[in-house]
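Chain residues, written in single-letter form:
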Amino acid sequence: ILLTQFNSASTYSGPAAIRMQRATCGQPTHTNLYSPAPDECYLMDSLKRSGFEPGLVLNHDGHFDEFLKVVQTRGRLNVPPLPLKGALITQHAFDDTPIYDDMSVLTRWLEYRQKSSSPRTAMYYNTVSLHDGNHLVGTGAKLNSSENFKIRLTKLLDDLDKFMQNIEKSGR
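Since the model is a prediction, treat every value here as computed from it, not as a measurement.

Caption draft 1: Expanded view of the overall build of the protein. Secondary structure summary: the protein contains five helices and five strands in total. Its C-alpha radius of gyration of 17 Å places the protein within 12% of the 16 Å reference for a compact globule of 172 residues. Taking the principal axes of its C-alpha atoms as reference, the protein extends roughly 50 × 40 × 25 Å. Taken across its 172 residues, the protein has 37% of its residues classed as buried. Contacts in the protein between residues far apart in sequence, at least 24 positions, make up 54% of those at least 6 positions apart. Only carbon and sulfur atoms are counted for the fraction: they give 56% of the accessible area of the protein, which is about 10100 Å².

Caption draft 2: Layout of the side chain of Ser 118. Position of Ser 118 among the secondary structure elements: in the loop between α4 (102-115) and β4 (121-126). A polar contact is formed between the side chain of Ser 118 and the side chain of Glu 53, at a distance of 3.4 Å. Ignoring sequence-local partners within four residues, the contact set of Ser 118 consists of Glu 53, Arg 113 and Arg 172.

Caption draft 3: Up close: the state of the cysteines. Summed over the entire model, instances satisfying the criterion amount to one disulfide. Cys 25 shares a disulfide with Cys 41; S-S distance 2.0 Å. Negative torsions about the S-S bond denote left-handed disulfides, and the value of about -90° found for Cys 25 with Cys 41 makes this one left-handed. Pair noted here: Cys 25 is in the loop between α1 (13-21) and α2 (43-49) and Cys 41 is in the loop between α1 and α2, with a separation of 16 residues, a long-range link. On the basis of relative accessible area, Cys 25 is assigned to the partly exposed category, the value being 38%.

Caption draft 4: Here's a closer look at the layout of surface pockets. There is about 320 Å³ of room inside the second largest pocket. In terms of lining residues, the second largest pocket is bounded by 21 residues, among which Ser 13, Phe 64, Phe 94, Val 128 and His 131 are the most central. For the lining of the second largest pocket, the secondary-structure elements that each account for two or more residues are α1, α3 (67-73) and β3 (98-100). Per-class residue counts for the lining of the second largest pocket are nine nonpolar, eight polar and four charged.

Caption draft 5: Quick peek at a nonpolar patch on the surface. Together, Tyr 12, Phe 64 and Phe 94 make up an exposed nonpolar region whose accessible area comes to about 340 Å². Mapping Phe 94 onto the fold places it in the loop between β2 (89-92) and β3. The class for Phe 94 is exposed, based on a relative accessible area of 53%.

Caption draft 6: Local environment of the environment of Asn 148. Within the fold, Asn 148 resides in helix α5 (residues 145-170). The exposure class of Asn 148 is buried, given its relative accessible area of 0%. Note: C-alpha distance between Asn 148 and Asn 134 (14 residues apart in sequence) is 8.6 Å. If we ignore the near neighbours within four places in the chain, the residues touching Asn 148 are Asn 134, His 135, Leu 136 and Leu 143.

Caption draft 7: Structural context of unusual backbone geometry. For Asp 65, which is not glycine, the phi dihedral falls at a positive 55°. Relative to the assigned elements, Asp 65 resides in the loop between β1 (53-58) and α3. Although it is not a glycine, Asp 96 adopts a positive phi angle of roughly 70°. Summarising the element assignment, Asp 96 is placed in the loop between β2 and β3.

Caption draft 8: The pattern of salt bridges, seen in detail. Within the structure shown, the criterion is met by four salt bridges. Residues Arg 76 and Asp 39 are paired through a salt bridge, measuring 2.8 Å at the closest nitrogen-oxygen approach. Taken together, the positions of Arg 76 in the loop between α3 and β2 and Asp 39 in the loop between α1 and α2 put the pair 37 residues apart, joining distant regions of the chain. On the basis of relative accessibility, which here comes to 47%, the residue Asp 39 falls in the partly exposed class. Between Asp 101 and Lys 155 there is a salt bridge whose closest N-O contact spans 2.7 Å.

Cut-offs used in this document
Residues numbered from 1 in each chain as written. Predicted model: local features only at pLDDT ≥ 70, side-chain atom pairs only at ≥ 80, totals over all residues. Heavy atoms only, no water. Helix = DSSP H or I, 4+ residues; strand = E, 2+ residues; numbered from the N terminus. Rg over C-alpha atoms; globule rule 2.2 N^0.38 Å. Buried < 20%, exposed > 50% of the residue type's maximum accessible area, 1.4 Å probe, protein only. Contact = heavy atoms within 4.5 Å. Areas by Shrake-Rupley, 256 points an atom, 1.4 Å probe, with all protein chains shown as cover. Polar contact = N/O pair within 3.5 Å; in protein donor to acceptor, adjacent residues only side chain to side chain. Disulfide = S-S within 2.5 Å. 1 Å grid on protein atoms, 1.4 Å probe; cavity = no way out; pocket = protein on both sides within 12 Å on 5 of 7 lines; lining within 4 Å. Points joined across faces, edges and corners; volume = space filled by probe spheres on them. Nonpolar A, V, L, I, M, F, W, Y, C, P; charged D, E, K, R; others polar. Patch = residues over 30% accessible without salt bridge, like charges linked within 9 Å, V, L, I, M, F, W, Y side chains within 5 Å. Salt bridge = Lys/Arg side-chain N within 4 Å of Asp/Glu carboxyl O.

By themselves, these observations are geometric and do not establish any function.
Structure representation (structure tokens):
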């Protein structure tokens with residue numbers, strides 16, 4: 001999929017998620033993000049009409065600033081997020097809520113996907129592993145978010161690489 005007339009640059013998660021979910025109509029002004037858009041502007045709705053099963057995966061609970069609600073309502077991705085119960089917690093956010101290990105979450109989604117009878121899927125994944133204010137669990141827990149950023153970045157990039165390899169191996 002090639003998204004044109006789209007800019008993912010945003011200084012805040014909520015507007016960035018809305019922009020992604022409304023990507024098929026380009027990038028509206030910030031004010032217009034909170035106004036209704038034509039039905040054809042919603043990416044996941046368009047993909048659903050094309051035969052894709054939409055999915056929503058977060059590595060956090062989505063409650064801060066009602067992020068989950070924003071994605072589901074303003075982005076029209078009104079599907080339940082993948083359950084995180086039992087996933088490995090590797091960080092805590094600035095408000096001390098758990099941040100789940102990206103690889104653990106993505107592996108859970110892939111396992112779910114392999115059990116699905118849907119021939120095609122489109123997954124929206126939101127990770128907060130690199131957000132400022134995060135602190136690590138265990139080794140490195142005493143480092144502040146600036147000091148542990150390289151550790152978190154390396155882990156996220158390694159996890160994404162492993163996940164892509166696992167998708168290739170899955171035959172999906």
